[in-house]
Amino acid sequence: MNLQKVLKEQINLISPNEKELAYLKNETKKITDMLENEISKQRIEAEVFLGGSFAKNTLLKKDN
């Protein structure tokens, strides 16, 4: 087994799969929209943005 294959297998073990990412993106969109709506209603000058590993696409699975 070569190094590239081992690394790819390990990345697949620690990275969320497509279904998990789609779910997270959908839920994040709902929350962001809700926050933006409330900010607008309250006439607050603020911006909602994503940061961290989710925004950078470097998200890892949490150990169970």
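Everything numeric here is computed off the predicted structure, so don't read it as measured data.

Caption draft 1: Expanded view of the overall build of the protein chain. Looking only at helices and strands, the protein chain features 3 helices and 0 strands. Taken from N to C terminus, the helices and strands of the protein chain fall in the order α-α-α. Its C-alpha radius of gyration of 17 Å places the protein chain more than 25% over the 11 Å reference for a compact globule of 64 residues. Taking all 64 residues of the protein chain together, the buried fraction comes to 6%. Of the roughly 6,100 Å² that the protein chain leaves accessible, carbon and sulfur atoms contribute 55%.

Caption draft 2: The arrangement of the side chain of Thr32 in detail. Tracing the backbone through its elements, the reader meets Thr32 in helix H2 (residues 18-41). Among the polar contacts listed, one links the side chain of Thr32 to the backbone oxygen of Thr28, at a separation of 2.8 Å. Dropping the residues within four chain positions of it, Thr32 is found in contact with Val48 and Leu50.

Caption draft 3: Broad picture of the environment of Thr28. Position of Thr28 relative to the elements: it lies in helix H2. When the C-alpha atoms of Thr28 and Phe54 are compared, they prove to be 9.8 Å apart, with 26 residues separating the residues in sequence. The residues contacting Thr28, other than those within four sequence positions of it, are Leu50 and Phe54.

Caption draft 4: Representation of the confidence of the model for the protein chain. Averaged over every residue, the pLDDT of the protein chain is 92; the share at 70 or more is 98%. For the protein chain, the element scoring lowest by mean pLDDT is helix H1 (residues 3-14), at 91; H2 scores highest, at 96.

Caption draft 5: Region of interest: the pattern of salt bridges. Tallied over the full model, the rule gives 2 salt bridges. The partner of Lys29 in a salt bridge is Asp33, with the nearest N and O atoms 2.9 Å apart. With Lys29 and Asp33 both in helix H2 and 4 residues apart, the pair spans about one turn of that helix.

Calculation criteria
- Residues numbered from 1 in each chain as written.
- Predicted model: local features only at pLDDT ≥ 70, side-chain atom pairs only at ≥ 80, totals over all residues.
- Heavy atoms only, no water.
- Helix = DSSP H or I, 4+ residues; strand = E, 2+ residues; numbered from the N terminus.
- Rg over C-alpha atoms; globule rule 2.2 N^0.38 Å.
- Buried < 20%, exposed > 50% of the residue type's maximum accessible area, 1.4 Å probe, protein only.
- Areas by Shrake-Rupley, 256 points an atom, 1.4 Å probe, with all protein chains shown as cover.
- Polar contact = N/O pair within 3.5 Å; in protein donor to acceptor, adjacent residues only side chain to side chain.
- Contact = heavy atoms within 4.5 Å.
- pLDDT = per-residue confidence, 0-100.
- Salt bridge = Lys/Arg side-chain N within 4 Å of Asp/Glu carboxyl O.

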